[in-house]
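What follows is each chain in one-letter form.
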Amino acid sequence: MTDWRDHVEPLGPSVIGIKKHGHMVTDAALVGTDLKTVLSGDERAPEQLVNAASLPGAVGRVWAMADHHFGYGLPIGGVLATDHDAGELGGAVSPGAVGFDINCGVRMLAFDMDADDLPDPAKFARRLGGRVPSGTSGRGGVDLTSRDLMHVLEEGASAAADLGLGAVDDVLLLESRGRLDAELEGVSQRALERGATSLGTLGSGNHFAELQAVEHVVDAETAEAWGLYEGQLVAMIHSGSRGLGHQVCTDHVRHLERQFTSEDGGWRHETYDWWIPDRQLAAAPRHSPEAEAYLGAMGAAANYAFANRAVLSQRLITALEVHTRSSVEWSTVYDVAHNIAKDEEHVIDGKRCTCSVHRKGATRAFPGSHDGLCPEHKATGQPVLVPGDMGTGSWLMAGPKTAMNAAFGSSCHGAGRRLSRAAARKQVDVPALMERLTAAGVHLKHGTERGLAEEAPEAYKPVDDVVDATEEAGLARRVAKLVPRVVVKG
DNA sequence: ATGTCC
C-alpha cells in the first residue's frame, strides 16, 4: 500500500490534506491542531480516509473532523460526499460510512431557570436515572403497538408528540424537522422487534442525559438570538436509534458485503464494475435498488432516533417538574443527527453537484444563508451541538453566518476518544474518578463500573482543543461552553 | 454503537 504520509500537504490553519494517489479518485483532508498530532495519531484513521476517497463517485475531499478516530470502514468523524451523477447509476452509498447507530445525535433544551437554583442535584441525578432508562438491555422503553411503531418510523419526532410521548415545541428547531423520508421494505422483522420496546431509552457507551450550566458565552449576539445566557440551566440528550438502527445497519452491511469478492488486495462487486479497497466500505450506486432500500430503511431508523430523543426529552422534563414540584418553562435549542447520509446540493470546484453526504460522527453545520434553516438561524448559522466528556463539559457552536464551509457544511461531533475502551478500563481508577466528579460538582448516576471507566474524561481528547481546531479550520464558531451538573450514563 | 456472538 502507498504510504499516505508521502502525499501530505498543509491546507491552512488546522487543516492537512492528503493528495490523491494510488486508487483514490479524490483528495482527503484532516482537521487537527497541528501536523505532528495528526501524524502521530492512530495511522489507521488516515488509511481509512484514503480508502473512502477511493470509492466510486467520491467528490471534493473526504474529511476527518478534529475529533476523528478509527471506526468501521470510515473513521468516526468522517465526512464522505459522492456524486449522484457519477457513472451509470450514481456514486457510492455505504451503510458502513454512516455507522451502526443510525441518527445517533443530540437534542439540546433550555430552561427558564438558573442552574444554581436546581434543588438537591444529587437527588435529581437518582430521580432522572429512574426515569431515563440506560444500558444495553433496552428495558424501560415504551411498549409500542405495531401501528404506532410504523407511525414513528414514517414521521419521526412529530409522531412521538402525536402519541403523547414526546416533547416537541417546534419541529422547525430540529435538523430536517425531525423527519427523513422513509421506506419500510428494508427494515427487517428483527429490526422492528428490537424497536418495539426501546423507545425512550438512552443506551450505553457515550450516550447520556445531562443537565448543564451555561458556563461561559463566547458569542453574545448568537447566544442571545437563541435565548441563552450565562448561568442558565440547559440539557443535552445524546442517544440514537438503539437496537433498531443497529439491526438496519447490520442487515444492509451484510447484504452488500456479500456482493463483493476478494481481488487485487481489495474487493470487486459481483455485477457493478466497482473495486473497493476495504470490504467494510461495501456500497451500492445511489440509484440502485440496494442503495434505495438502505436509504429508505436508514430514514426509518433516523425517524426512530428523532422520536427517541423527543421521548427522552419529555421524560427529562417530567423528572424536573416532579423534582421541583412546579411546571417548568422549556424550549428546544436544536437537535442534530451526527450519523446520517443525506442528499444535498453543494458547489464543488465551482460546479453545482447533488451528492450523498455521509456524516459519521460529524455534525451538519450549515450557514445561515442556507434555504433549509429556520428563521431563528438565518442570522447566526445552524446550532452545532458538541457533547464533550462528563468532567470537562460540552460546547454549543454555530455554523458560518453566510458561506457553506469546505467540509460540505460539517463540523466535529464531540471530544473524540483518546484511549481505546480497553486502555481506559486498564488505566482509570473508578473510585478516584467518582470523588473527582463529586468535588467538581458533577452528580452522576451511572450503570456499570466498566462503562464508567471507558467514559472517563481522560479517555477523551480535551474538547476545548477539538473545538479550537474546528473554529481555526473555519468549519464552525464557538458560542458557549456548557458544564455538567447532573449526568445519567449507561 | 449493539438483547457487547445467530
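As a reminder, the structure under discussion sits directly above these lines.
These figures come from a predicted structure and were not determined experimentally.

What counts, and where the lines are drawn
- Residues numbered from 1 in each chain as written.
- Chains lettered and ligands numbered in written order.
- Predicted model: local features only at pLDDT ≥ 70, side-chain atom pairs only at ≥ 80, totals over all residues.
- Heavy atoms only, no water.
- Helix = DSSP H or I, 4+ residues; strand = E, 2+ residues; numbered from the N terminus.
- Buried < 20%, exposed > 50% of the residue type's maximum accessible area, 1.4 Å probe, protein only.
- Salt bridge = Lys/Arg side-chain N within 4 Å of Asp/Glu carboxyl O.
- Near = heavy atom within 4 Å.
- Polar contact = N/O pair within 3.5 Å; in protein donor to acceptor, adjacent residues only side chain to side chain.
- Nonpolar A, V, L, I, M, F, W, Y, C, P; charged D, E, K, R; others polar.
- Pairing = 2+ DSSP bridges.
- Core = buried A, V, L, I, M, F, W, Y, C linked by side-chain atoms within 4.5 Å.
- Contact = heavy atoms within 4.5 Å.

**So, unusual backbone geometry**
Moving on, step 1. The phi angle at S14 is positive, at roughly 65°, despite the residue not being glycine.
Moving on, step 2. Counting through the fold element by element, S14 comes out in the loop between β1 (8-12) and β2 (15-18).
Moving on, step 3. Overall, S14 belongs to the buried group, its relative accessible area being 8%.
Moving on, step 4. Even without being a glycine, D264 presents a positive backbone phi close to 50°.
Moving on, step 5. Assignment of secondary structure puts D264 in the loop between β10 (260-263) and β11 (266-269).
Moving on, step 6. Owing to a relative accessible area of 66%, D264 belongs among the exposed residues under this scheme.

**A word on the pattern of salt bridges**
Moving on, step 1. The full count for this structure, using the stated rule, is 27 salt bridges.
Moving on, step 2. In this structure, R44 and D42 form a salt bridge, with 2.8 Å as the shortest nitrogen-oxygen distance.
Moving on, step 3. Between R268 and D273 there is a salt bridge, with the nearest N and O atoms lying 3.3 Å from each other.
Moving on, step 4. With a relative accessible area of 24%, R268 lands in the partly exposed category.
Moving on, step 5. Given the relative accessible area of 68%, D273 is considered exposed.
Moving on, step 6. The network of salt bridges with shared partners includes R417, R421, R425, R450, E454, E455 and K489.

**A look at the protein's contact with DNA strand B**
Moving on, step 1. Looking at DNA strand B, there are 13 residues lining it, with R194, G205, N206, R242 and R421 nearest.
Moving on, step 2. In the interface set of DNA strand B, defined as its atoms within 4 Å of the protein, sugar plus phosphate atoms amount to 56%.
Moving on, step 3. A distance of 3.2 Å separates a sugar or linking oxygen of DNA strand B from a polar backbone atom of T136.
Moving on, step 4. Contributions of two or more residues to the surface near DNA strand B are made by α6 (189-195) and α8 (242-257).
Moving on, step 5. Among the residues forming the surface near DNA strand B, the class breakdown is one nonpolar, eight polar and four charged.

**Some points on the environment of A379**
Moving on, step 1. In this fold, A379 is placed in the loop between β17 (363-364) and β18 (383-389).
Moving on, step 2. Judged by relative accessible area, which is 61%, A379 ranks as exposed.

**Notes on the pairing of β1**
Moving on, step 1. In the sheet, β1 pairs with β2 via four bridges, with the strands oriented antiparallel. Opposite E9, over in β2, you have G17 as the bridge partner.
Moving on, step 2. Connecting β1 to the antiparallel partner β2 that follows it, the hairpin turn spans two residues, and S14 within it adopts a positive phi of roughly 65°.

**Some details on the sheet that holds strand β12 (residues 275-276)**
Moving on, step 1. As summarised here, the arrangement of the three strands in space is β10-β11-β12, forming an open sheet in which the pairing is antiparallel. The open sheet has two free edges, formed respectively by β10 and β12, since each of these has just one partner strand.
Moving on, step 2. Strand direction decides the pairing type here: β10 and β11, joined by four bridges, are antiparallel. Its bridge partner being in β11, S262 is matched across the sheet by W267.

**A few points about the nonpolar core**
Moving on, step 1. Formed by 66 residues in total, the largest nonpolar core has its most connected members in I102, L199, L244, V248 and M298.
Moving on, step 2. The element best represented in this core is helix α9 (residues 289-324), accounting for 13 residues.
Moving on, step 3. Those residues within four positions of L199 in sequence are excluded, and the remaining contacts are G141, V142, L144, V152, L165, Y304, A307, N308 and V311.
Moving on, step 4. Counting 45 residues, the second largest nonpolar core, distinct from the first, contains A29, M390, L437 and A453.

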